[in-house]
Amino acid sequence: MKCQRWLYTTDEYEIRGNLQTLYLKNNKKIYTLDEYALREGEDGQEAIVCVNENPAEDIETLMSDIVYIYSAAWIISITSLAIAFVLCIAVRGLTTFRAVMPCFVASLFVSYIILVVRALGPLPSSLTCYSYGVGLQFSFLAAFFWLNVIAFDLWRSISTPVISPGPLRLLAYMTYGWGCPLLFVGTAVAFDKIKDLQIASTFRPRFEQECWFHAPEARFAFFYAPISAILIINLIFFILTLFAIRSKVVAQEVEKHHSLWRLSIELAIIMGLCWIMEVVSWAVGGDASYWYATDIINALQGLFVLIIIARRPNVTTWVKQSLGGRSNDVEKGSTFSYVQQETK
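Residues numbered from 1 in each chain as written. Predicted model: local features only at pLDDT ≥ 70, side-chain atom pairs only at ≥ 80, totals over all residues. Heavy atoms only, no water.

By the naming in an unreviewed UniProt entry, the protein chain is G-protein coupled receptors family 2 profile 2 domain-containing protein, taken from Strigamia maritima.

Following this line, the structure appears as structure tokens:
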């Protein structure tokens, strides 16, 4: 069938005429036997419907082409993030804790892996589709929460420097960075399983239908809303950090703080702009082709992250010295810490 295929649950359609036709309640359209197929899902029988709004246009070819373009961009991001992850592990001085930046990069990496598998893999079962949706929600939210950790950690370390941040702070960061996304995912899944309450029905994600949020209310509540809040909070932290940097007297201190501040704010700008465009496209709607360009830019986030990280002075120094065979000495001159050193 040359068309877009959509998955619907039993409460969204009716079978009429001894399986001869299927009636969709949301758009009030009828589909013939050769335009739909039935299968058993987790919550009962499901219908895969061939939706072709314009028969004169080969939608399947068009959608296939754009999926391959998206997939190519995602693969570029995956490769870029893998390189960025290695750089974050190898080079000190990107954040107070060496584990913070890799957690951010790893979250994005997992997101794009799922996107590629979902796009290029076979038609998934309901359970697999549900897993894709949950995985995407968790990994993308985790990336934003870890970006929030980076913004907070930068402000905290500059405004109230300490000799050496202890393991309790790292534990708090880990709890926040992984725990908050898990909380949102758990709440979304709980709403999906509670079918008796009206509010739960309204905010049911229904991941199994599109391998992503099916209900717009759920997408906003469990995805766009927390991302928007994090972007606003990050902006506040960056402004506070800039004021803290301005208060530094020593020129060398100001220079190195500015370098870290630029790293953090560049990451926030790239992530923020890409997802602001995503939210706008979701809110405005319209033909999907209107948003192909912004979607492709969004799909290349991993490449932008690599460029931002690779431009740091300590990273470029590490790369040059590694290529020159002097990687063992890199940490002596190319890294720095923005916490206060102990004085004797």
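**What about the overall build of the protein chain?**
Condition: A run of H or I in DSSP counts as a helix once it spans at least four residues, and a run of E counts as a strand once it spans at least two, with each numbered from the N terminus. Buried, partly exposed and exposed residues are distinguished by accessible area as a fraction of the type maximum, computed with a 1.4 Å probe on protein chains only: under 20%, between the cut-offs, and over 50%, respectively. Here a residue-residue contact requires only that any non-hydrogen atoms of the pair lie within 4.5 Å. Only the protein chains shown count as covering a residue, and every accessible area follows the Shrake-Rupley method with a 1.4 Å probe.
Counting its regular elements, the protein chain contains twelve helices and six strands. Classification of the 344 residues of the protein chain by burial places 42% in the buried group. For the protein chain, the share of sequence-separated contacts (at least 6 apart) that also reach a separation of at least 24 residues comes to 69%. Accessible surface, the protein chain: about 17300 Å² in total, of which carbon and sulfur atoms supply 65%.

**A closer look at the UniProt feature "transmembrane region" (unreviewed entry) in the protein chain**
Put simply, the rule is: UniProt positions are given in the numbering used here, feature names are shortened, and annotations may be inferred rather than shown by experiment.
UniProt tags residues 67-91, 103-120, 140-158, 170-191, 222-245, 265-284 and 290-310 as "transmembrane region" (unreviewed entry). Counted over residues 265-284, helix gives 100% and strand 0%. Its end C-alpha atoms are 27 Å apart.

**Structural notes on the nonpolar core**
Heads up, the condition is: The criterion is simple. A nonpolar core is a set of buried Ala, Val, Leu, Ile, Met, Phe, Trp, Tyr and Cys residues joined through side-chain atoms within 4.5 Å.
Judged by nonpolar contacts, the single largest core of 67 residues is most densely connected at Phe 104, Leu 108, Phe 223, Trp 275 and Ile 309. Counting residues per element, this core draws most heavily on helix H3 (residues 126-159), at 15 residues. Core analysis: the next-biggest nonpolar cluster, separate from the first, contains eight residues, Tyr 8, Leu 22, Tyr 31 and Val 49 among them.

**Some remarks on a nonpolar patch on the surface**
Note the threshold: Residues enter a patch when their relative accessible area is above 30% and they make no salt bridge; the linking distance is 9 Å between like charges and 5 Å between nonpolar side chains (Val, Leu, Ile, Met, Phe, Trp, Tyr). In what follows, salt bridge is the name for a side-chain nitrogen of Lys or Arg lying within 4 Å of a carboxyl oxygen of Asp or Glu.
A cluster of nonpolar side chains, contributed by Ile 269, Leu 273, Ile 276, Val 280 and Val 284, occupies part of the molecular surface with about 440 Å² of accessible area. Mapping Ile 269 onto the fold places it in helix H8 (residues 251-284). The class of Ile 269 is partly exposed, set by a relative accessible area of 42%.

**Examining the packing of aromatic side chains**
In this description, a pair of aromatic rings is defined by centroid distance and the angle of the planes. In plain terms, the rule: Stacked, tilted and edge-to-face are the three classes applied to pairs of Phe, Tyr and Trp rings, where Trp contributes its six-membered ring and a pair requires centres within 6.5 Å; stacked means planes under 30 degrees apart, edge-to-face means over 60, and tilted covers the rest.
Taken as a whole and assessed by the stated rule, the structure comprises 20 aromatic pairs. Taking the centre distance of 5.9 Å and the plane angle of 35 degrees together, the rings of Tyr 70 and Trp 74 count as tilted. Of this pair, Tyr 70 and Trp 74 both sit in helix H1 (residues 59-90), separated by four residues, roughly a single helical turn. Considered together, Tyr 70 and Trp 74 belong to a single accessibility category, that of buried residues. On the basis of an interplanar angle of 50 degrees and a centroid distance of 5.8 Å, the ring pair of Phe 152 and Trp 155 is categorised as tilted. Separated by three residues within a single helix, Phe 152 and Trp 155 lie in helix H3, roughly one turn from each other. Connected via pairs of aromatic rings, a cluster forms that spans Tyr 112, Tyr 130, Phe 140, Phe 207, Trp 212, Phe 213, Phe 223 and Tyr 224.

**Notes on the sheet that holds strand E4 (residues 29-32)**
How we decide: We treat two strands as partners when DSSP finds at least two bridges between them. The axes used here are C-alpha line fits, helices contributing only the stretch in contact, and every angle between their N-to-C directions lies in the interval 0 to 180 degrees.
Taken together, the three strands give an open sheet; going across it, the order is E2-E3-E4, and neighbouring strands pair in antiparallel fashion. Looking at which strands have only one partner, the edges of the open sheet turn out to be strand E2 (13-16) and E4. Averaged over all pairs of adjacent strands, the angle between their axes in this sheet comes to 25 degrees, without regard to strand direction. Pairing of E2 with strand E3 (residues 21-24), which is carried by four bridges, proceeds in the antiparallel orientation. Bridge pairing in E3 places Ile 15 opposite Leu 22.

**Observations concerning the side chain of Ser 80**
Relative to the helices and strands, Ser 80 is located in helix H1. Apart from the residues lying within four places of it in its own chain, the contact partners of Ser 80 are Gly 302, Leu 303 and Leu 306.

**Considerations on the pattern of salt bridges**
Two side chains bearing opposite charge may form a pair once their charged atoms approach each other closely. Taken as a whole and assessed by the stated rule, the structure comprises four salt bridges. Close ionic contact of Asp 153 with Arg 169 constitutes a salt bridge, the shortest N to O distance being 3.3 Å. Here Asp 153 is found in helix H3, whereas its partner Arg 169 is found in helix H4 (residues 167-193), with 16 residues between them in sequence. Judged by its relative accessible area of 1%, Asp 153 is buried. For Arg 311, the salt bridge is made with Glu 266, and the minimal N-O distance between the two is 3.2 Å. Within this pair, whereas Arg 311 is found in the loop between helix H10 (301-310) and helix H11 (313-323), its partner Glu 266 is found in helix H8, the two being separated by 45 residues in sequence. A network of salt bridges, in which partner residues are shared, links Glu 266, Arg 311 and Arg 312.

**Focus: the environment of Ile 114**
Take Ile 114: it is sitting in helix H2 (residues 100-120). On the basis of relative accessibility, which here comes to 15%, the residue Ile 114 falls in the buried class. Sequence-distant contacts of Ile 114, defined by excluding residues within four places in its chain, comprise Tyr 132, Gly 135, Leu 136 and Ser 139.

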